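# Residue-level structure breakdown
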Amino acid sequence: MQHGKYRFIVGFLALPLGLYALFVVWPFIQSIYYSFTDWTGLSPEFKMVGFDNYSRMLDDDIFWKSLQHSLLFALLLPVVTIGLALFFAFMINVGGRKRRNGPVITGVRGSGFYKIVYFFPQVLSIAIVALLFAFAYNPDSGAINSFLRGIGLDDVQPLWLGDPDLALWAVMGVLVWSTVGFFVVLFSAGMASIPAEMYEAALLDGANRVTTFFRVTLPLLWDTVQSGWVYMGILALGAESFAVVQIMTTGPGGPDYSTTVMVLYVYQKAFRDGQAAYATTIGVALLVVTLAFAAVVMRLGRRERLEY
């Protein structure tokens, strides 16, 4: 059985590792290389400029604003999204009352319907979601301010995306709404695999729903939660935040750069301003931030694995 084992393994791994190196690793290496040049993105000629792009980035006030916003996304969005998803998933799977002649542990009535409702935003493209909420946030004819006027709150008419103090929070709300359903379904699948006997034993010992969640559900679901945390942080730093900010905000990234995130700033420098080398420099900084975020979450979330 050991004969030819390594040739067998190499034969299966060679092609996928080659594709990964070609389409993932090599573009990263190219980006780091171009960050030391003055390449415009169009001209075939460029020259090495050393660390000039990095010095420029450290003196760029807009870069620091975008970094602050991206870090805010990475820190707050996973907390809110994962927290809501855990709550909804727990209520769907465990939070119902005991029914006559039924199991001791059950979800709320209509739990299957709620899963569909929560997952519905995942069916929509993030571009469609951003457009819908852009219309809803319209201060004159949008659904939100129209509702406020309908209930007599004529004096409460925020500008939403036009207010530098509210725009970033409005965008974050859209990201939470569009992603929480995915994690509800993910955590529901994990909770469904936990033996009901564990919940029944906890209830017999006098534990309430809150204690059951923190002492039984969360420890047994921790690996899934940790993976979801990293995944949500990468979404908040990458494509999801770019799409929402690009479509919804004025500028985009406004007003007054109040919603500019790092991935949007990379796009603007590369394709709007023709400064591809500087854009790759910001991209390298984004790569460092993303890797640092994943490393911190995996390190802080490390704990002994519980099996059942």
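Please refer to the structure placed before this passage.
Conventions and cut-offs
Residues numbered from 1 in each chain as written. Predicted model: local features only at pLDDT ≥ 70, side-chain atom pairs only at ≥ 80, totals over all residues. Heavy atoms only, no water. 1 Å grid on protein atoms, 1.4 Å probe; cavity = no way out; pocket = protein on both sides within 12 Å on 5 of 7 lines; lining within 4 Å. Points joined across faces, edges and corners; volume = space filled by probe spheres on them. Helix = DSSP H or I, 4+ residues; strand = E, 2+ residues; numbered from the N terminus. Nonpolar A, V, L, I, M, F, W, Y, C, P; charged D, E, K, R; others polar. Patch = residues over 30% accessible without salt bridge, like charges linked within 9 Å, V, L, I, M, F, W, Y side chains within 5 Å. Areas by Shrake-Rupley, 256 points an atom, 1.4 Å probe, with all protein chains shown as cover. Salt bridge = Lys/Arg side-chain N within 4 Å of Asp/Glu carboxyl O. Contact = heavy atoms within 4.5 Å. Buried < 20%, exposed > 50% of the residue type's maximum accessible area, 1.4 Å probe, protein only. Expected span 1.5 Å × (residues − 1). Phe/Tyr/Trp six-rings, centres within 6.5 Å; stacked < 30°, edge-to-face > 60°. Lys NZ or Arg CZ within 6 Å of the ring centre and 35° of its normal.

### Focus: the layout of surface pockets
Reported here for the largest pocket is a volume of approximately 520 Å³. What lines the largest pocket is a set of 23 residues, among which F28, S31, V266, G283 and V284 lie closest to the centre. Mapped by element, the contributors of at least two residues to the lining of the largest pocket are α1 (5-34), α12 (262-272) and α13 (276-300). Take the lining of the largest pocket: its biggest share by element is 9 residues, from α13. A per-class count over the lining of the largest pocket returns 17 nonpolar, 6 polar and no charged. Each pocket or cavity is described by its volume, and for the second largest pocket that value is around 170 Å³. Listed by contribution, the elements that provide at least two residues to the lining of the second largest pocket are α3 (61-93) and α9 (209-220). Ranked by residues supplied to the lining of the second largest pocket, first place goes to α3 with 5 residues. Residue composition of the lining of the second largest pocket, grouped by class: 7 nonpolar, 2 polar and 1 charged.

### Considerations on a nonpolar patch on the surface
A contiguous nonpolar surface patch, about 830 Å² in accessible area, is contributed by L15, L19, Y20, L22, F23, V25, W26 and I29. As for its placement among the helices and strands, L19 is situated in helix α1.

### A look at the environment of A270
Looking at where A270 falls in the secondary structure, it is placed in helix α12. Distance in space between the C-alpha atoms of A270 and G206 is 60 Å, their sequence separation being 64 residues. Excluding residues within four positions of it along the chain, A270 makes contact with Q275, A276 and A279.

### So, the side chain of S66
Relative to the helices and strands, S66 resides in helix α3. Taking the relative accessible area as the measure of exposure, S66 reaches 0% and is therefore buried. Once residues lying within four places of it in the same chain are set aside, the contact partners of S66 are T260, V261, M262 and Y265.

### What to know about helix α10 (residues 222-237)
With 16 residues, α10 extends 23 Å between its outermost C-alpha atoms, agreeing within 8% with the 22 Å of an ideal straight helix rising 1.5 Å per residue. The complete set of buried residues in α10 reads W222, V225, Q226, G228, V230, M232, G233, L235, A236 and L237. For α10, the secondary structure elements touched by its buried residues are α3, α7 (167-192), α9, α11 (239-248), α12 and α13.

### Description of the packing of aromatic side chains
In total, this model carries 23 aromatic pairs according to the counting rule given. Ring centres of Y34 and F46 lie 5.7 Å apart, and the angle between their planes is 75°; this geometry places the pair in the edge-to-face category. One end of the pair, Y34, is in helix α1; the other, F46, is in the loop between α1 and α2 (52-58), with 12 residues separating them in the sequence. The class of F46 is partly exposed, set by a relative accessible area of 32%. Ring plane angle 40° and centroid distance 5.5 Å describe the contact between Y137 and W160, whose orientation is recorded as tilted. Of this pair, Y137 sits in the loop between α5 (126-136) and α6 (143-150) while W160 sits in the loop between α6 and α7, and the two are 23 residues apart along the sequence. Exposure class is identical for Y137 and W160. Each is buried. Aromatic ring contacts, followed pair by pair, group Y33, Y34, W39 and F46 into a single cluster. We note R56 situated over the ring of Y278; from NZ or CZ to the ring centre the distance is 3.8 Å.

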